[in-house]
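Reading the structure
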There are 2 protein chains.
Amino acid sequence: MPVNLSAPVAAQLLPVAGVSLGIAEAGIKRANRKDLLVIKLEDEATVAGVFTTNRFCAAPVTIAKEHLATNNSIRALVINTGNANAGTGEQGMAAARTTCTALAKLLGCTPEQVLPYSTGVIMEPLPVDKIVAGMPQAIANLKVDNWYDAAHAIMTTDIVAKAVSKQVRIGGQTITITGISKGSGMIHPNMATMLGYIATDAAIAQPLLQEMVREAANKSFNCITVDGDTSTNDALMLIATGMSGVQITGAECVSMQAVITEVATELAQAIVRDGEGATKFITIQIDGGKDEGECKKIGYAIAHSPLVKTAFFASDPNLGRILAAIGYAGVADLDVTKLKVYLDDVLVAENGGRAMSYQEEDGQRVMQQSDITIRVVLDRGAVDATLWTCDFSYDYVKINASYRS
Amino acid sequence: MPVNLSAPVAAQLLPVAGVSLGIAEAGIKRANRKDLLVIKLEDEATVAGVFTTNRFCAAPVTIAKEHLATNNSIRALVINTGNANAGTGEQGMAAARTTCTALAKLLGCTPEQVLPYSTGVIMEPLPVDKIVAGMPQAIANLKVDNWYDAAHAIMTTDIVAKAVSKQVRIGGQTITITGISKGSGMIHPNMATMLGYIATDAAIAQPLLQEMVREAANKSFNCITVDGDTSTNDALMLIATGMSGVQITGAECVSMQAVITEVATELAQAIVRDGEGATKFITIQIDGGKDEGECKKIGYAIAHSPLVKTAFFASDPNLGRILAAIGYAGVADLDVTKLKVYLDDVLVAENGGRAMSYQEEDGQRVMQQSDITIRVVLDRGAVDATLWTCDFSYDYVKINASYRS
């Protein structure tokens, strides 16, 4: 069950002027399920995105990158669940192009102005006919006040939908930012995430928007892991419609970036809280590293260790497993006698071993919580990094041993 | 339950002249359990070993490396289970030294002629008094025909003991090689393994012996993974007593190396077959790579993917997960349209997607087996690599959520 994660409240999700969303039940994998989302943008909108680095990236990822690179006037995004259209070769590329062409025809734009996204099972042919057949239903459903249903339409093994709205005052005016994401397993984003869509009514030039989405991804989606598997379909998209009339330039970039990163971080953390089989939400904070690379190496070694994750599932302070993970993280000159390990406020290890002050009952107390912070103080430099992950339970195995059925 | 792994038969384990083994029930973690092993060597024996690269390596690993480096006349090895003496700081180093000193006194040698090994829980103080108190019992039990009990005395979460004997004719004489190993979880050796001890009655000079153990480890223990966690305590030791009177030099090295690697490979594979919770034994063969590094990167990405491992547990040919793992393995210039993926003899993927000839029922048939080979043909070069791993089951979580109790 999701860890301290509430379902979004429809009334709290703010429309973003210039963005309308329409959903359909296209029967892609099974009937009577919202599985198709069309996002329509007004003419002035700019769009930027970051995508998976997986070499087996999905056909829609390749097409979306191509369309984004070749024109500045994206008019629509189309997202299906139930099939990833990854590992599908030339046939998959053709299917993704057909999707764009069909939607472009219905919306009166060119295929290159449409960005396609897919999520679901890998290496099965995309049922493109069902997607095309579902489009009129999605278009008939288009409305600005539809983020709640949109968040539900992109779910796969997610238990709870993920959606966040925030407002910020810039230049005396209110800017709205609303975003949705999905993802629960195959989560170890690398320059992107499963699927995330964030829109604002600010006006942001495309090159700046691209910088902003990259920065937001690096601080949010690129800091989470559920199972260490980097998906073939990851994409985080940032849309700026400009309909508020507020142009973001110069000093305003900083506050705009901050709130975008905040929205992205909440969406990313929601994915971990709803991680497959998760019972614990674990923050891993690595302080005092020489560079971000070594902080993340150590953080991910802890976050990916099945032994650490199962100990947290059991609420068992078998914390030597954390030391083992730090030790094999690949930081060749790490002096383990210098570092300290904390579990929340409890000092667990120092001087290369268990801290003299450490009491099993203190560790036990923290392990009972559903939100826990592991903090490693390296004492080697001035760089910090924070990652988020979850534990590893029977339900993770259950969900993934039966996902296709 | 172990996958196609039989328990060793006591009568088939051949003594190695010059090596005697004695076990004891020292009550290190709990009573009435074989948990202490002393291996005594005759004067002419040479010893070589490879050890974990984990920065949080255990105190006994540090001491064993130190003793091996500073003298050529190792007289005894002492191994305890129930406590890893890792993450124990200065106190742990002192405990390991006390262990060596106590055994040296009983055997009439110097502490530097003793190599210590520990395995079990990390970051808990070693109960050195119990180990010292158990030594006379182990020494009284010393005999050459004791490999079967020795294999049992070093088990932790292992279900089946691991022991192999082989003989080879060299220079018209018969050479015997017998080895034991232990390990089931925290298995992703890097330059070594959990614990492995191989002895031969051939005479092999120490520098050559060191080369041989490294080569054997690289082809065996360094090619297995259960959970991707590199232990703090890994060690593989190779002992040559010389009691057969056969000196290994020149051309004989090749056949000697081959049989040592064969013994090491059988012991390493036994660890995977007895991997925590394992129900499937999976061989991962990467052919046609540019170098060993990229072959192993791709192999380990597949072997460590919890999504791949749970699909095998479920006997579900959800094989797109293998493509995803290949894609994120970190081979930046990998052309996924060139490679082929086979499940045993079944061609699963080519041209960047599912093979035209692939039928779900063929994949299903192979997935039902308990021994399965995944073969990836990269078509980039002439280098191959083979790894071995197991699946990921409910029992893995169960075992590791309750290991300390």
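It should be emphasised that the depicted structure is a prediction, and the values quoted were computed from it without experimental measurement. (Residues numbered from 1 in each chain as written. Chains lettered and ligands numbered in written order. Predicted model: local features only at pLDDT ≥ 70, side-chain atom pairs only at ≥ 80, totals over all residues.)

**Quick look at the overall build of chain A**
Rules: Here a strand is any run of E in DSSP of at least two residues, a helix any run of H or I of at least four, and the numbering for each starts at the N terminus. For the radius of gyration, the atoms used are the C-alpha atoms, and the globule rule reads 2.2 Å times the number of residues raised to 0.38.
Check the secondary structure of chain A and you find eleven helices and 16 strands. A compact globule built from 405 residues would reach a C-alpha radius of gyration of about 22 Å, and chain A, at 22 Å, matches this within 12%. For chain A, the spread of C-alpha atoms along the principal axes amounts to about 70 × 50 × 40 Å.

**Comments concerning the sheet that holds strand β5 (residues 114–118) of chain A**
Residue and element names in this part refer to chain A. Selection criterion: Whether two strands pair depends on DSSP finding at least two bridges between them. Note on method: axes are straight lines fitted to C-alpha atoms, helices fitted across the in-contact stretch only, with angles between N-to-C directions ranging 0 to 180 degrees. Any pair of residues counts as being in contact when their C-beta atoms, constructed from backbone geometry, are within 7 Å of one another.
Reading across from one edge, β1-β2-β4-β5 is the order of the four strands in this open sheet, with mixed pairing throughout. Strand pairing shows two members of the sheet lacking a second neighbour, β1 (19–24) and β5, which therefore form its edges. Mean inter-strand twist for the sheet, computed between neighbouring axes without regard to direction, equals 15°. Packed on one face of the sheet, helix α2 (residues 89–107) meets β2 (36–41), β4 (76–80) and β5 and runs near 135° to β5.

**Notes on the pairing of strand β6 (residues 162–170) of chain B**
Residues and elements named next belong to chain B. In the sheet, β6 pairs with strand β7 (residues 173–182) via nine bridges, with the strands oriented antiparallel. By the bridge assignment for β7, Arg169 is matched with Thr174. Hairpin connection between β6 and β7: a loop of two residues separates the two successive antiparallel strands, and Gly171 in this loop has a positive phi of roughly 55°.

**Considering the interface of chain A and chain B**
Quick reminder of the rule: We call Asp, Glu, Lys and Arg charged. Ala, Val, Leu, Ile, Met, Phe, Trp, Tyr, Cys and Pro are nonpolar, and the rest, Gly among them, are polar.
With 58 residues of chain A at the contact, the number on the chain B side is 57 residues. When residues of the side of chain A that touches chain B are traced back to their parent elements, those giving at least two are α2, α8 (306–313), α9 (320–327), β14 (353–354) and α11 (394–400) of chain A. Broken down by element, the side of chain A that touches chain B gets its largest block of residues, seven residues, from α9(A). Looking at the side of chain A that touches chain B residue by residue, the classes come out as 26 nonpolar, 24 polar and eight charged.

**As for the relation of the copies chain A and chain B**
Put simply, the rule is: Copies are brought into register by a least-squares superposition over C-alpha atoms of residues with pLDDT of at least 70 in both.
Expressed as a screw operation, the relation of chain A to chain B combines 0.0 Å of axial shift with a rotation of 180°, fitting to an RMSD of 0.0 Å. When the rotation and shift are considered jointly, the pair of chain copies conforms to a two-fold rotation axis. Minimal C-alpha distance to the rotation axis in chain A is attained by Tyr394(A), lying at 2.8 Å.

**Structural notes on the pairing of strand β4 (residues 76–80) of chain B**
All names here are of chain B. Formally: Field definition: a residue is buried when 20 or more other C-beta atoms are found within 10 Å of its C-beta, exposed when 12 or fewer are, and partly exposed for counts in between, with C-beta atoms placed from the backbone. When the strands point away from the viewer and the connection leading from the first strand across the helix to the second strand turns clockwise, the crossover is called right-handed.
Burial within β4 is extensive, with five of its five residues counted as buried. Alternating positions in β4 separate into two faces, Ala76, Val78 and Asn80 on one and Leu77 and Ile79 on the other, with burial throughout. Strand direction decides the pairing type here: strand β2 (residues 36–41) and β4, joined by five bridges, are antiparallel. When the bridges of β4 are listed, Leu36 appears paired with Asn80. As paired strands, β4 and strand β5 (residues 114–118) are joined by five bridges and run parallel to one another. Paired with Ile79 across the two strands is Tyr117, which belongs to β5. Handedness of the crossover is the feature at issue here: the chain leaves β4, passes through helix α2 (residues 89–107), returns alongside β5, and the resulting connection is right-handed.

**A closer look at the sheet that holds β7(B)**
All names here are of chain B. As summarised here, the arrangement of the five strands in space is β3-β9-β8-β7-β6, forming an open sheet in which the pairing is mixed. Edge positions in the sheet fall to β3 (46–51) and β6, since each of these pairs with one other strand and no more. Strand-to-strand twist across the sheet, computed as the mean angle between neighbouring axes with direction ignored, equals 15°. Bridging between β7 and strand β8 (residues 195–200) involves six bridges; their strand directions are antiparallel. The residue bridging Lys182 from the neighbouring strand is Leu195, located in β8. Here helix α5 (residues 206–219) sits on the sheet in contact with β3 and β9 (235–240), set at roughly 35° to β3.

**Some details on the nonpolar core**
Quick note on the threshold: Defined on buried residues, the nonpolar core groups Ala, Val, Leu, Ile, Met, Phe, Trp, Tyr and Cys residues joined through C-beta atoms within 7 Å.
Core analysis: the largest hydrophobic core is formed by 278 residues, its most contacted members being Leu37(A), Leu238(A), Ile302(A), Ile326(A), Leu37(B), Ile302(B) and Ile326(B). Excluding anything up to four places from it in sequence, Leu238(A) contacts Ala48(A), Gly49(A), Ile198(A), Leu209(A), Met212(A), Val213(A) and Ile260(A).

**Re the domain arrangement of chain A**
All names here are of chain A. Note the following rule: Start and end points for every domain follow an automatic or database-based domain assignment.
Each assigned domain of chain A is listed here: domain 1 (10–273) and domain 2 (281–400). When each unit is reduced to the centre of its C-alpha atoms, the spacing between domain 1 and domain 2 is 33 Å. Contact residues are listed per partner, giving ten residues for domain 1 and eleven residues for domain 2. Broken down by secondary-structure element, the contributors of at least two residues to the side of domain 1 that touches domain 2 are β9 (224–225) and α6 (252–273). The biggest single contributor to the side of domain 1 that touches domain 2 is α6, with three residues. Grouping the constituent residues of the side of domain 1 that touches domain 2 by class yields four nonpolar, five polar and one charged.

**Here's the deal with helix α6 (residues 252–273) of chain B**
Turn by turn, an α-helix covers 3.6 residues, leaving residues three or four places apart pointing in a common direction. We apply this condition: Under the convention used throughout, the expected extent of a helix is 1.5 Å for every residue step, that is, one less than its residue count.
Between its first and last C-alpha, α6(B) extends 32 Å over 22 residues, near the 32 Å set by a 1.5 Å rise per residue. Every buried residue of α6(B) is accounted for by Met256(B), Ile260(B), Val263(B), Ala264(B), Leu267(B), Ala268(B), Gln269(B), Ala270(B), Ile271(B), Val272(B) and Arg273(B).

**Thoughts on the environment of Val19(A)**
Residue and element names in this part refer to chain A. Note on placement: Val19 falls in strand β1. Taking the C-alpha atoms as reference points, Val19 and Ile239, 220 residues apart in sequence, are found 8.7 Å from one another. If we ignore the near neighbours within four places in the chain, the residues touching Val19 are Ile39, Leu41, Val144, Ala199, Ile239 and Thr241.

**Things to note about unusual backbone geometry**
All names here are of chain A. At Met123, a residue that is not glycine, the phi angle is positive and equals roughly 70°. Checked against the element boundaries, Met123 lands in the loop between β5 and α3 (128–140). Not every positive phi belongs to a glycine, and Ser315 is a case in point at roughly 55°. Residue placement: Ser315 occurs in the loop between α8 and α9.

**Brief notes about the confidence of the model for chain A**
Keep this limit in mind: The predictor attaches a confidence to each residue, and that confidence, scored 0 to 100, is pLDDT.
Averaged over every residue, the pLDDT of chain A is 91; residues scoring 70 or more account for 98%. Confidence scores differ between elements of chain A, with β9(A) showing the lowest mean pLDDT of 82 and α3(A) the highest of 98.

**Some words on the packing of helix α1 (residues 59–70) of chain B against α2(B)**
Residues and elements named next belong to chain B. Rules: An angle below 35 degrees is treated as roughly parallel, one above 145 as roughly antiparallel, one from 65 to 115 as roughly perpendicular, and anything else as oblique. Crossing handedness: left-handed means the near helix sits turned counterclockwise from the far one by under a right angle, and right-handed means the same turn made clockwise.
Where α1 meets α2, the closest approach of the two axes is 8 Å, and the angle between their N-to-C directions is 55°. In this view, α1 runs oblique relative to α2, as classed from their interaxial angle. When the axes of α1 and α2 are compared, the crossing they make is right-handed. Between α1 and α2, the contacting residues are Ala59, Pro60, Thr62 and Ile63 on the first element and Gly92, Met93, Ala95, Ala96, Arg97 and Cys100 on the second. In terms of residue class, the contact of α1 with α2 is built from seven nonpolar, two polar and one charged.

**Let's talk about α8(A)**
Counting buried positions over the eight residues of α8(A) gives eight, a clear majority of the element. Considered for burial, the residues of α8(A) that qualify are Pro306(A), Leu307(A), Val308(A), Lys309(A), Thr310(A), Ala311(A), Phe312(A) and Phe313(A). Summarising the contacts, the buried residues of α8(A) are in contact with β11 (281–289), α7 (292–304) and α9 of chain A together with α11 (394–400) of chain B. Downstream of α8(A) by one or two residues, Ser315(A) has phi in the positive range, about 55°.

**A word on the environment of Lys290(A)**
Residues and elements named next belong to chain A. Inspection of the secondary structure puts Lys290 in the loop between β11 and α7. On the basis of neighbour counts, which here come to 14 C-beta atoms within 10 Å, the residue Lys290 falls in the partly exposed class. Along the backbone, Lys290 and Gly363 are 73 residues apart, and their C-alpha atoms lie at a distance of 28 Å. Setting aside residues no more than four positions away along its own chain, Lys290 makes contact with Arg380, Gly381 and Val383.

**Concerning the environment of Ala329(B)**
All names here are of chain B. Note that Ala329 resides in the loop between α9 (320–327) and β11 (340–343). The spacing of Ala329 and Glu294 is 35 residues in sequence and 8.5 Å in space, taken between C-alpha atoms. The residues contacting Ala329, other than those within four sequence positions of it, are Lys297, Ile298 and Ala301.

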